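# Architecture and fold: a report
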Amino acid sequence: MDEVKLHYDVSAYDFTRAGEASGKLKRSLKELGFAPAVTRNVAIAVYEAEINMVIHADGGVIDATVTPECITVVLADKGPGIPDIELAMKEGYSTAPENVRSLGFGAGMGLPNIKKYTDEMNIDTVIGEGTTITLKVYNK
């Protein structure tokens, strides 16, 4: 397999389509022959980041680079940024509004789950400009 590049757009506040991009990426990884555990880890991490884009960041873009050795995913938004990354990484911490929580989202597990299901995770955030999360899952 050569390097494969995949791109997905994420719409803001569209809970009917939330998870669509991570689902498409999961199907692509299955078609490319990645092990179920690798595919599952990428899908969970990307889903969590995608939901954060829908809830907090006016949408964004997801770009994946897939090689036989590694899946690298860059998730970029133009949202408000994360004022306190350390606090945001704590399980259960959430800034989701009540209307989002009533839909079953915003439990405060997004960033902790991204970290849990990836081999590498980097958050680059600028208040008022947006956040970029880069994650890697190695094909072990």
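Residues numbered from 1 in each chain as written. Predicted model: local features only at pLDDT ≥ 70, side-chain atom pairs only at ≥ 80, totals over all residues. Heavy atoms only, no water.

We now examine the environment of F15. With respect to the secondary-structure elements, F15 resides in the loop between β1 (4–10) and α1 (20–31). Separated by 35 residues in the primary sequence, F15 and E50 have C-alpha atoms spaced 11 Å apart. Setting aside anything within four residues of it in sequence, one finds F15 in contact with V54, I55, V100, L103 and F105. (Helix = DSSP H or I, 4+ residues; strand = E, 2+ residues; numbered from the N terminus. Contact = heavy atoms within 4.5 Å.)

Roughly 650 Å³ of volume is contained in the largest pocket. Every residue lining the largest pocket is counted, 35 residues in all, and those nearest its centre are N52, H56, I82, T95 and L111. At the level of elements, α2 (36–56), β3 (70–77), α5 (110–116) and β5 (130–138) are the ones that each hand at least two residues to the lining of the largest pocket. A total of eight residues in the lining of the largest pocket trace back to one element, the largest contributor, which is α2. Class assignment for the residues of the lining of the largest pocket results in 20 nonpolar, 12 polar and three charged. (1 Å grid on protein atoms, 1.4 Å probe; cavity = no way out; pocket = protein on both sides within 12 Å on 5 of 7 lines; lining within 4 Å. Points joined across faces, edges and corners; volume = space filled by probe spheres on them. Nonpolar A, V, L, I, M, F, W, Y, C, P; charged D, E, K, R; others polar.)

With that settled, consider the nonpolar core. Nonpolar side chains in soluble globular proteins tend to end up buried together. Counting 34 residues, the largest nonpolar core has L25, V42, V46, I62, I71, V73 and L75 as the members making the most contacts within it. Mapped by element, the contributors of at least two residues to this core are β1, α1, α2, β2 (60–66), β3, α5 and β5. Not counting chain neighbours up to four residues away, the residues in contact with L25 comprise L6, Y8, V42, V46, A64 and V73. (Core = buried A, V, L, I, M, F, W, Y, C linked by side-chain atoms within 4.5 Å. Buried < 20%, exposed > 50% of the residue type's maximum accessible area, 1.4 Å probe, protein only.)

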